[in-house]
Amino acid sequence: MSWQEFKNIPNGTTVFNHLASECVALANQYTEGVLGAGFVNVKFARHWIDNPNVQSVHGFTLVPVTDAREGDIFVGVGGPYDGYYGHIGVVVRGWDGSTFGTMEQNVEGQYVSRHNRGANNILGILRPVNAPVSTPAYTTPSVGSQGEGIRAEGADWTYWVPGTSDQMTVQTRLAERGYYTGPIDGNLASEASVLAIKLVCGDFGFFDLTYWNSEMNKNLCHGILLMAQAYGGYSGRMDWQIDGHVWAAFDGAVAAVVPIPTPPAPTAEPAPAPIPEVVPEPTKTKPTVKPEKAEHKPKPEENKVAETTLTPEQITVINTRKMATDAQIQTLIATAKEIPLDDPNAPVIPDHIAKPLWLILALVSSSTPYAFALTVIDWGNWDATVATQAAALIVAWSGTLASVLGLSRFSKSTPK
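Positions within a chain are numbered from 1, following the residues in the order the chain's sequence is written. The model is predicted, so local features are restricted to residues of pLDDT at least 70 and side-chain atom pairs to those at 80 or more, both for listing and for counting; the totals for chains, interfaces and linings are taken over all residues. Neither water nor hydrogens contribute to the side-chain values; these are computed over all heavy atoms in the structure.

A. Helix 8 (residues 244-257), seen in detail. What counts as a helix is a DSSP run of H or I of at least four residues, what counts as a strand is a run of E of at least two, and both are numbered from the N terminus. Helix span is expected to be 1.5 Å times the residue number reduced by one. With 14 residues, helix 8 should cover 20 Å at 1.5 Å per step; its first-to-last C-alpha distance of 20 Å lies within 8% of that length. Three or more residues of helix 8 are buried, namely Gly-244, Val-246, Trp-247, Ala-249, Phe-250, Asp-251, Ala-253 and Val-254. Buried residues in helix 8 make contact with strand 8 (158-160), helix 5 (164-176), helix 6 (191-203), helix 7 (218-231) and strand 9 (241-242). When a residue's accessible area, from a 1.4 Å probe over protein chains only, is under 20% of the maximum for its type it is buried; when over 50% it is exposed; and in between it is partly exposed. In what follows, residue pairs with any heavy atoms lying within 4.5 Å of each other are defined as contacts.

B. Region of the structure containing the pairing of strand 3 (residues 87-93). For strand 3, the tally of buried residues reaches seven of seven residues, placing the bulk of the element in the interior. Strand pairing follows a simple DSSP-based rule, namely that at least 2 bridges must link the two strands. Sheet topology note: the strand 3/strand 4 (residues 100-105) ladder contains three bridges and is antiparallel. Bridged to Arg-93 within strand 4 is Gly-101. Hairpin connection from strand 3 to strand 4: six residues lie between these consecutive antiparallel strands, with Gly-97 at a positive phi of about 115°.

C. Geometry of the sheet that holds strand 6 (residues 122-128). Taking strand neighbours across the sheet as the criterion, the six strands line up as 1-6-2-3-4-5 in an open arrangement whose pairing is antiparallel. Of all strands in the sheet, those with a lone pairing partner are strand 1 (60-63) and strand 5 (112-117), marking the two edges. Strand-to-strand twist in this sheet, taken as the mean axis angle between neighbours without regard to direction, amounts to 35°. Those strands touched by helix 7 are strand 3 and strand 5, and its axis lies near 140° from that of strand 5. Here an angle of 0 to 180 degrees is reported between the N-to-C directions of two axes, which are lines fitted to C-alpha atoms, with helices fitted over the stretch in contact.

D. Looking closely at the packing of helix 6 against helix 7. Packing of helix 6 against helix 7 leaves a shortest axis separation of 10 Å and a crossing angle of 55°. Accordingly, the angle class assigned to the pair helix 6 and helix 7 is oblique. Where helix 6 crosses over helix 7, the handedness of that crossing is left-handed. Note on element contacts: helix 7 touches helix 6 through Leu-220, Gly-223, Ile-224 and Met-227, opposite Val-194, Ile-197, Lys-198, Val-200 and Cys-201. Under this grouping Gly is polar, as are all residues other than the nonpolar Ala, Val, Leu, Ile, Met, Phe, Trp, Tyr, Cys and Pro and the charged Asp, Glu, Lys and Arg. Classifying every residue of the contact of helix 6 with helix 7 by side-chain character gives seven nonpolar, one polar and one charged. Any angle that is under 35 degrees is reported as roughly parallel, and any over 145 degrees as roughly antiparallel; angles of 65 to 115 degrees are reported as roughly perpendicular and all others as oblique. A crossing counts as left-handed when the near helix is turned anticlockwise from the far one by less than a right angle, and as right-handed when that turn is clockwise.

E. Unusual backbone geometry, seen in detail. Its identity is not glycine, yet Leu-19 carries a phi of approximately 65°, on the positive side. By the secondary structure assignment, Leu-19 is in the loop between helix 1 (3-7) and helix 2 (23-35). Phi at Asn-121 takes a positive value of approximately 65°, unusual for a residue other than glycine. As for its position among the elements, Asn-121 is in the loop between strand 5 and strand 6. The class for Asn-121 is partly exposed, based on a relative accessible area of 34%.

F. Molecular detail of empty space enclosed by the protein. Put plainly, a pocket is an open set of points on a 1 Å grid over the protein atoms alone with protein on both sides within 12 Å along at least five of seven lines, a cavity is a set where a 1.4 Å probe fits but cannot get out, and a lining residue has an atom within 4 Å of a point. Grid points are joined across faces, edges and corners, and a volume is the space filled by probe spheres set on the points. Taken as a whole and judged by the stated rule, the model has two cavities of 30 Å³ or more. Computed from the structure, the second largest cavity encloses a volume of approximately 50 Å³. If you trace the second largest cavity, you find it lined by Lys-7, Val-92, Arg-114, Phe-206, Leu-226, Gln-229 and Ala-230. Taken together, the residues of the lining of the second largest cavity sort by class into four nonpolar, one polar and two charged.

G. Structural view of the pattern of salt bridges. Salt bridges are defined as contacts in which a side-chain nitrogen from Lys or Arg sits within 4 Å of a carboxyl oxygen from Asp or Glu. Considering all chains together, one arrives at nine salt bridges under this definition. The salt bridge partner of Arg-93 is Asp-96, with a shortest N-O separation of 2.9 Å. One network of salt bridges, with partners in common, ties together Asp-67, Arg-69, Asp-72 and Arg-127.

Take a look at the structure:
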């Protein structure tokens, strides 16, 4: 593994070394995989400083924290680091007067993350005898060669704006990846451009988004340099001087590690409903030969007595009697038979009384309900059909009962 490949390990990656994944595992991955210095077989991170054999066997020199450079190893104890086991990491940005940049594991979780560390609680800095990189001398670009000049200055940082075409390239790259939503106008100093740069640096751990605003600042310059160094191949000085070389490396870093979002699949339009086929209606033709009419056979109930030979009262009685079923007549007869006429002790009406009584009952039972019904029709203006049917039922019932009683009594009163 090369030094550049080691630095390109993304944040969030868990590095395993000899089945371990704590902070020491990342340091041993560096010493074995990059330096070829072998596995440092100690229990705790602090032993890399406490045990002098580590320096002599694996080829390290102990230097002060103010001399920290790329490729060094730092060890801290207490404060932000564990007070007993200590903590270890690899330096990826040299000391700038207040901090140095690091790659570490097992800080936020058992995965790689990048941080800025100060001098407090640093137990020591180990420099490999055969350092993987050498810091080249920094050459300040001339105005017009790598940019249009200094656009903004701070006490210890400088923000150079590259040529217009280069600025448009960075804007296009950020827009493709969903970070930039402004116009492609080549103005990286615009509010939308600065916010997009801050957001992409923050998503990869190179900028603290609590400093969110629309202006370029020292922290963002630092984040741009870190991302350009980690993923864009930048190997210049880490001194917060943003020039055309840094922008080119930053653009390469965005292209290398930020994926282009996949556009959502288009929603399929519903298929149009099929047009129903119009079926012509069949032509109606009139039959040429008229069908013969079937002979009309009257139903049994149609054989009525000719109404011209009967009075209305007789017609009503006849029709009413037809409405009574055999079961109803048998029920009335059975009821009449239950009257104790065969009782020898029952009083017997003489013939000269029974016969007239039977006749009177028959007449009354036939005429009185009908007269009553006609009176009701006149009073209430009822429908004639309804009243006739009601009167006919009364006539049928009372006439039948009176006849049965009268005949029974008549037969019983006949002398033996």
